[in-house]
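Each chain is listed here by its residues.
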Amino acid sequence: MAYIIKELFATLQGEGAHAGRAAIFCRFAGCNLWSGREEDRHKAQCNFCDTDFIGTNGPGGGRFAHADSLAEALESCWRAHTDDAAHRYVVFTGGEPLLQLDDALIKATKARGFTLAVETNGTLPAPAGLDWICVSPKPGQSLVQTHGHELKLVYPQPSLTPEQFAGLAFQHFWLQPMDGPERIANTRHAVQYCQAHPQWRLSLQTHKLIGIA
Ligand SMILES: C[S@@+](CC[C@H](N)C(=O)[O-])C[C@H]1O[C@@H](n2cnc3c(N)ncnc32)[C@H](O)[C@@H]1O
Ligand SMILES: Nc1nc2[nH]cc(C(=O)O)c2c(=O)[nH]1
Ligand code: SF4
Ligand SMILES: [Mg+2]
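The rules behind these values
- Just so you know, the residues in each chain are numbered from 1, in the order the chain's sequence is written.
- Here chains are named by letter from A upward and ligands by number from 1 upward, in the order in which they appear as written.
- The model is predicted, so local features are restricted to residues of pLDDT at least 70 and side-chain atom pairs to those at 80 or more, both for listing and for counting; the totals for chains, interfaces and linings are taken over all residues.
- Note: side-chain values were computed over all heavy atoms of the structure, leaving out hydrogens and water.
- UniProt positions are given in the numbering used here, feature names are shortened, and annotations may be inferred rather than shown by experiment.
- When DSSP finds at least two bridges between two strands, those strands are taken to pair.
- Only runs of H or I of at least four residues qualify as helices and only runs of E of at least two qualify as strands under DSSP, and these elements are numbered from the N terminus.
- What makes two residues a contact is simply this: any of their non-hydrogen atoms within 4.5 Å.
- All axes here are fitted lines through C-alpha atoms, helices being fitted over the stretch that makes contact, and every angle between N-to-C directions spans 0 to 180 degrees.
- Whether a residue is buried, partly exposed or exposed follows from its accessible area with a 1.4 Å probe, protein chains only, as a fraction of its type maximum: under 20%, in between, or over 50%, in that order.
- Nearness of a residue to a molecule or strand requires only that one of the residue's heavy atoms be within 4 Å of it.
- Only Asp, Glu, Lys and Arg are considered charged in this grouping, and only Ala, Val, Leu, Ile, Met, Phe, Trp, Tyr, Cys and Pro are considered nonpolar; every other residue, Gly among them, is considered polar.
- Ring pairs shown here join Phe, Tyr and Trp side chains whose ring centres sit within 6.5 Å, with only the six-membered ring taken for Trp; geometry is labelled stacked below 30 degrees between planes, edge-to-face above 60, and tilted in between.
- We define a polar contact as two N or O atoms separated by no more than 3.5 Å, with the added condition that, inside protein, one atom must be a possible hydrogen donor and the other a possible acceptor, whereas residues neighbouring each other in sequence contribute only through side-chain atom pairs.
- The accessible surface values rely on the Shrake-Rupley method and a 1.4 Å probe; as for residues, cover is taken only from the protein chains in view.

An unreviewed UniProt entry annotates the protein chain as 7-carboxy-7-deazaguanine synthase of Bombella saccharophila. Taken directly from UniProt, the Catalytic activity (unreviewed entry) text for the protein chain runs: "6-carboxy-5,6,7,8-tetrahydropterin + H(+) = 7-carboxy-7-carbaguanine + NH4(+)". Recorded under Subunit (unreviewed entry), the UniProt text for the protein chain is reproduced unchanged: "Homodimer."

Here we take up the sheet that holds strand E7 (residues 150–155). Spatially, nine strands are ordered E3-E1-E2-E4-E5-E6-E7-E8-E9 in an open sheet, and the strand pairing comes out mixed. What marks the edges here is a single partner per strand, and that holds for strand E3 (62–64) and strand E9 (201–202). Sheet topology note: the E7/strand E8 (residues 172–177) ladder contains six bridges and is parallel. Opposite lysine 152, over in E8, you have tryptophan 174 as the bridge partner. Where helix H1 (residues 67–79) meets the sheet, it contacts strand E1 (3–12), strand E2 (22–28), E3 and strand E4 (89–93), and its direction lies at approximately 20° from that of E1. The strands touched by helix H2 (residues 103–111) within the sheet are E1, E2, E4 and strand E5 (115–120), with E5 carrying the most contacts at an inclination of about 140°.

This part is about H2. Residues of H2 that are buried: Leu105, Ile106, Ala108 and Thr109. For H2, the elements touching its buried residues are E1, E2, H1, E4 and E5. One or two steps after H2, the chain reaches glycine 113, where phi turns positive at roughly 85°.

Around ligand 3, a shell composed of Cys31, Leu33, Trp34, Cys46, Cys49, Phe53, Gly95, Asn121 and Lys138 is seen. Counted by class, the shell around ligand 3 contains six nonpolar, two polar and one charged residues.

On to the packing of aromatic side chains. In this structure the tally under the stated criterion is seven aromatic pairs. Relative to phenylalanine 114, the ring of tryptophan 78 has its centre 6.4 Å away and its plane inclined at 80°; by these criteria the two rings are edge-to-face. Taken together, the residues span a long stretch of sequence, with tryptophan 78 in helix H1 and phenylalanine 114 in the loop between H2 and E5 at a distance of 36 residues. Phenylalanine 114 carries the same exposure label as tryptophan 78, and that label is buried.

Close to ligand 1 lie 20 residues; Phe48, Gly95, Ser136, Lys138 and Asp179 are nearest. A distance of 3.2 Å separates a nitrogen atom of ligand 1 from a polar atom in the backbone of aspartate 50. Glutamine 176 places a polar side-chain atom, nitrogen or oxygen, 3.1 Å from a nitrogen atom of ligand 1. Expressed as a share of its isolated accessible area of 540 Å², the protein-covered part of ligand 1 is 95%. Sorting the residues of the shell around ligand 1 by element identifies E5, E7 and E8 as the ones contributing at least two each. Classifying every residue of the shell around ligand 1 gives five nonpolar, nine polar and six charged.

Structure, rendered in structure tokens:
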């Protein structure tokens with residue numbers, strides 16, 4: 001199957017338990033919870049998204065006809081920065097990556113030595129073979145992917161409380177302040193919540209703090 005990729009770039013993972021880790025970000029186009037068009041945001045199921053995931057016009061973006069051609073592009077993006085093949089790391093994100101990420105791409109990227117991570121809204125089941133699953137629940141959706149490595153709740157969301165997720169099978173529980181006009185107040189409230197409920201830790205979007213992608 002073909003893969004529609006918005007952008008593909010080298011950076012550091014900015015969020016969660018792997019913040020600071022060198023990674024290739026593979027951003028799939030399209031999402032099941034928002035069209036991506038600003039005029040639709042008010043009626044979207046997820047309306048606080050900070051990401052442009054429409055089309056294929058980002059750096060390294062395009063339509064890849066085969067898993068191996070995409071895996072090759074990921075490898076060459078990694079090699080443009082380092083010869084270190086032992087630490088190859090790719091983060092599949094979007095948009096919603098689980099609309100497109102399939103066994104063939106998992107196999108092709110693993111064959112090139114990558115460790116595989118995914119950022120998902122949890123509405124679709126993750127395929128087998130991923131090394132790191134980050135689930136970030138969204139309002140009004142039944143959570144399908146109820147286990148993984150980290151649960152990253154954008155905070156606050158009136159209809160989604162941390163208590164709803166605290167008993168699920170994840171290794172790490174993060175509150176990530178919602179970016180937008182209320183970011184500073186949201187951060188203060190997230191800090192207060194983490195202090196009162198130490199199961200939860202604060203995830204900052206560190207790439208935004210230092211001005212990288
Ligand atoms: C753009 S999403 C793509 C992956 C997937 N669709 C998801 O929602 O998890 C990547 C991460 O950014 C988070 N995110 C999106 N908009 C945000 C915002 N305004 N403030 C903080 N985090 C945000 C999401 O919750 C998710 O953890
Ligand atoms: N540096 C960096 N780290 C990230 N972690 C999750 C991101 C995402 O958009 O999925 C993201 C992103 O867009 N950039
Ligand atoms: S589910 Fe993820 S990609 Fe889709 S609109 Fe929400 S934050 Fe953005
Ligand atoms: Mg992002």
